[in-house]
Amino acid sequence: MFPEMREKYTTTMAPSESTPLLRVVDVAPQRHRYPHHKLRRFCTFSLGMLLITSLILFLLPSAVFPREHGSIWSYFPGAHPFPHKSWPHGYGLSYEELQAILQTTPSAEKAREWSSYYTAGPHLAGKNLSQAIWTQERWQEFGVEETSIVAYDVYLNYPLDHRLALLKKTKDKTEITFEASLEEDVLDEDHTSGLPDRVPTFHGYSASGNVTASFVYVNYGSYDDYQDLINANVSLAGKIAIAKYGHIFRGLKVMRAQELGMVGVILYDDPQQDGEITEDNGYKAYPDGPARNPSAVQRGSTLFLSIAPGDPTTPGWPSKPGCDRVDPRNLIPSIPSIPISYKEAIPLLKALNGYGPKASDFGKSWQGGKLGSKGVEYNIGPSPNDVVINLYNEQKYTTTPLWNVIGVIKGAIPDEVVILGNHRDAWIAGGAGDPNSGSAVLNEVVRSFGKALKAGWKPLRTIVFASWDGEEYGLLGSTEWVEDQLPWLSKANVAYLNVDVAASGTVLGPKASPLLNNVIYEVTGLVQSPNQTVKGQTVRDVWNGHIGTMGSGSDFTAFQDFAGVASFDLGFSRGPTDPVYHYHSNYDSFDWMDRFGDPGWLYHEACTKLWSLAAAKLVETPVLSLSASDYGVGLGQYLKNIKPGAEHLPGGGFDFGSLDGAIAEFQAAAKQFDAYAADLASQLDEDLPWYLWWKKVKLYFQARVVNDKYKALERAFLYEPGLDGRSWFKHVVFAPGLWTGYSGATYPGLVESFDAGDWENAQKWRSIIIERLEAATKVLQ
Ligand SMILES: *[C@@H]1O[C@H](CO)[C@@H](O)[C@H](O)[C@H]1NC(C)=O
Ligand SMILES: *[C@@H]1O[C@H](CO)[C@@H](O)[C@H](O)[C@H]1NC(C)=O
Ligand SMILES: *[C@@H]1O[C@H](CO)[C@@H](O)[C@H](O)[C@H]1NC(C)=O
Ligand SMILES: *[C@@H]1O[C@H](CO)[C@@H](O)[C@H](O)[C@H]1NC(C)=O
Ligand SMILES: [Zn+2]
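Residues numbered from 1 in each chain as written. Chains lettered and ligands numbered in written order. Predicted model: local features only at pLDDT ≥ 70, side-chain atom pairs only at ≥ 80, totals over all residues.

Caption draft 1: Geometry of helix α6 (residues 223-231). Among all positions of α6, only Asp225, Tyr226 and Leu229 are buried. Taken around the axis of α6, the buried residues stretch over an arc of 95°, which confines them to a single face. Looking at α6, the residues exposed on the side facing more than 90 degrees away from the buried face are Gln227, Ile230 and Asn231. In the core, the buried residues of α6 are packed alongside α7 (250-259). Residue Asn233 follows α6 closely and has a positive phi angle near 60°. (Buried ≥ 20, exposed ≤ 12 C-beta atoms within 10 Å, placed from the backbone. Helix = DSSP H or I, 4+ residues; strand = E, 2+ residues; numbered from the N terminus. Arc of directions from axis to C-beta. Contact = placed C-beta atoms within 7 Å.)

See below:
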């Protein structure tokens, strides 16, 4: 204390017990540190409110609102995160207006006009650049701004020379009993059958060779047919096989013959496959009637398609100039083969009469050959040592460019893409059915969408049109393109819609990933049937409703089985009473189509509508119209179908319980997911009041997430190491049958293990499939 203060205490008040220890000390009134306290209070309040608002706007929404594909700013009033200004409705055109254009634009006459162009001259893979350019020019005219010709350098063969003769050897000379022409008749009524530059009869990827040997009739040349012959002690090694076309892909007939040490293969079309419509039944043959012309020859590829499609020197990567190439020997035959007509098969088969067992001694699949009336007894042979065939086949192998035409209509959402494809190349100058009915239809599809563009439409999703080259040799153009574009396709491709033969008859025969079943059912109900036996009948009304499983045999293969893109394949094919379709023959021509195949060109028109309406559905609906539930049903059905195969395992008793369980879980998740998606779609149908602006944003982001999941679902079934012995095929549910090639094998890893009686491998595949099923289930959760 200071002395003055001490004095003050002592003089003014004597301390007592009640004297407070601290006395009140007067001080100057406190001065406000901040003079404007009202302003300060206001500031504090505002800052507080701002903090709370921010909390609501930032923290709460980021916890509650979905915003994948967008930022939180999207939720601010006035923000516009939508792909285009009229989302969820169509931009420029309503969905109904777009459908109306797609229903009214396609014309039978136009399809006929496009067909007459494509079928006027040869267009074997890599041989007709002008058709690629012409196609590109048409698409540009129709209004597709982005078009290109995409080339790949592929390894393939062109025919040089061939001979097939039946020889009788005597002691000192060899006599020619029959010399095959290996030509199809030139018909006055069929103007491309006699073109000077018409394509010879030959097999794609056939080996060159000159063999002379006795021969054996091997029925269809399926794995089981050869096995029947082995069991019957028929000697096969060193012989030439003569087989009917049908049942399995032709290359696999040659593949098995080669494995069994046979030296050559001859393939022909037996009238058996023509059902009722045969000359024996009184029908006249083309060009006078609907039956098969006896000189018709089916060309075709003998690539080992079920091992890997595409350029056999670049399995798994694109055939770009200068790329690495491998020896193709595991994918193409090393023995020669030749296709012939049934007319020219008769002398060969008759030469077997009386030798070896008869087809009638074998099982059901061996019965039914229709050349009995021509004196063929369908003996197996082998022919005696002095009755031999000389088969000479000379092919030029080369690496040559081919040309895909690609057209793009950019959609408002860049990473959701729907692709429509058809191949352009044919084995013959014609190809009015395979593939140019599809090419004519594709042009009509492009023209229809072009019309919508000119009316101001902008699609929600991107549409890509593809005119593939080199399909016939082994899906070359599409496979190389998919291998080339894989990263982008994996990210963006929602679906691939294939049409190969659009019209070769009157019966609709779709195949699809079950994700797309819904779309097929819907669009078939929208299109009028070309044959109105009852007025107003739709395609759906006259179709049996069956959708096949995806195998191979056309350009969807690389999309579905390699890239995991949900795909379908559609077209009208021959029914039992339709005229015989001369597949891969000179008579698959414009004249045949115009008189027998689709005289009014109405099946072309109907196929155009089915295809473009399916595309529109997938491109325009805000929530993708796919069905995971149908996939679930399919998965269950496929498993049920293959269960009996487990009996091939020694001891039997394979436990399917865990697979059944995984499928059940997938089915439950799929049902829930579809219901959620349907609910979103119906919420989008309702008009929201303006003050619920943020709700539309929320729905948009939710739809994007749902669409991502639908897109990813098919990918989840890919198993990167691939199937046993054919690693190019990655899908654990769908693959071409190893020994059928065309038809779809389901759960191929498991089925092949059963067939091989291999327990350990079956267990391995059970685990792999369950793992993929769980991954797919997780996508949906
Ligand atoms: C290419 O196709 C066109 C149209 O079909 C045909 O006129 C032309 O002859 C073909 N060109 C070649 C080189 O074969
Ligand atoms: C094929 O081989 C035979 C001998 O086996 C021979 O006589 C014939 O000239 C050969 N044909 C050709 C076209 O080289
Ligand atoms: C095939 O040959 C084996 C051994 O030579 C014989 O046991 C079997 O009975 C023969 N089978 C037929 C169908 O001839
Ligand atoms: C239409 O269908 C009916 C019944 O299937 C059939 O008898 C008729 O021949 C068909 N007509 C045409 C033009 O295809
Ligand atoms: Zn085709």
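Caption draft 2: Quick look at unusual backbone geometry. Of note, the amide linkage connecting Tyr286 to Pro287 takes the cis form, showing an omega dihedral of 10°. With respect to the helices and strands, the residue Pro287 is situated in the loop between β7 (264-268) and β8 (300-301). Not every positive phi belongs to a glycine, and Asn219 is a case in point at roughly 60°. With a phi close to 45°, Tyr747 is a non-glycine residue in the positive phi region.

Caption draft 3: Just the UniProt feature "domain: PA" (unreviewed entry) in the protein, in detail. As recorded in UniProt, the sites labelled "domain: PA" (unreviewed entry) are residues 211-288. End C-alpha to end C-alpha, residues 211-288 measures 38 Å, and it is 24% helix and 21% strand. (UniProt positions renumbered as here; feature names shortened; annotations may be inferred.)

Caption draft 4: Main features of the domain arrangement of the protein. Here the domain parsing of the protein yields domain 1 (157-396) and domain 2 (628-780). Distance from the C-alpha centre of domain 1 to the C-alpha centre of domain 2: 39 Å. Counting residues at the interface gives 12 residues for domain 1, matched by 9 residues for domain 2. Partitioned by chemical class, the residues of the side of domain 1 that touches domain 2 number 8 nonpolar, 4 polar and no charged. (Domains from an automatic or database assignment. Nonpolar A, V, L, I, M, F, W, Y, C, P; charged D, E, K, R; others polar.)

Caption draft 5: A look at the environment of Gly411. Structurally, Gly411 is set in the loop between β10 (387-409) and β11 (413-423). Between the alpha carbons of Gly411 and Glu620 there is a distance of 9.6 Å; along the sequence they are 209 residues apart.

Caption draft 6: Here's a closer look at the packing of helix α17 (residues 628-642) against helix α18 (residues 657-685). Running from N to C, α17 and α18 point in directions that differ by 160°, and their axes come no closer than 7 Å. In this view, α17 runs roughly antiparallel relative to α18, as classed from their interaxial angle. When you trace α17 past α18, the crossing you get is left-handed. Each of Ala628, Ser629, Tyr631, Gly632, Leu635, Gly636 and Leu639 in α17 lies in contact with α18, whose residues at this interface are Leu659, Ile663, Phe666, Gln667, Ala670, Lys671, Phe673 and Asp674. Of the residues assigned to the contact of α17 with α18, the class counts are 9 nonpolar, 4 polar and 2 charged. (Axes fitted to C-alpha atoms, helices over the stretch in contact; angles between N-to-C directions. Parallel < 35°, antiparallel > 145°, perpendicular 65-115°, else oblique. Left-handed = near helix turned anticlockwise from the far one by under 90°.)

Caption draft 7: Focus on the sheet that holds β7. Judged by pairing direction, the sheet is parallel, and its 4 strands sit side by side in the order β5-β6-β7-β9 without closing on themselves. Each of the sheet's edge strands pairs with one partner strand only, and the pair in question is β5 (215-217) and β9 (337-340). Averaged over all neighbouring strand pairs, the angle between strand axes comes to 20°, with direction disregarded. Bridge count for strand β6 (residues 240-244) against β7 is 5 bridges, and the pairing is parallel. Note on β7: the bridge partner recorded for Ile242 is Ile266. On top of the sheet, α7 reaches β6, β7 and β9; it is set at about 150° to β7, its chief contact. (Pairing = 2+ DSSP bridges.)

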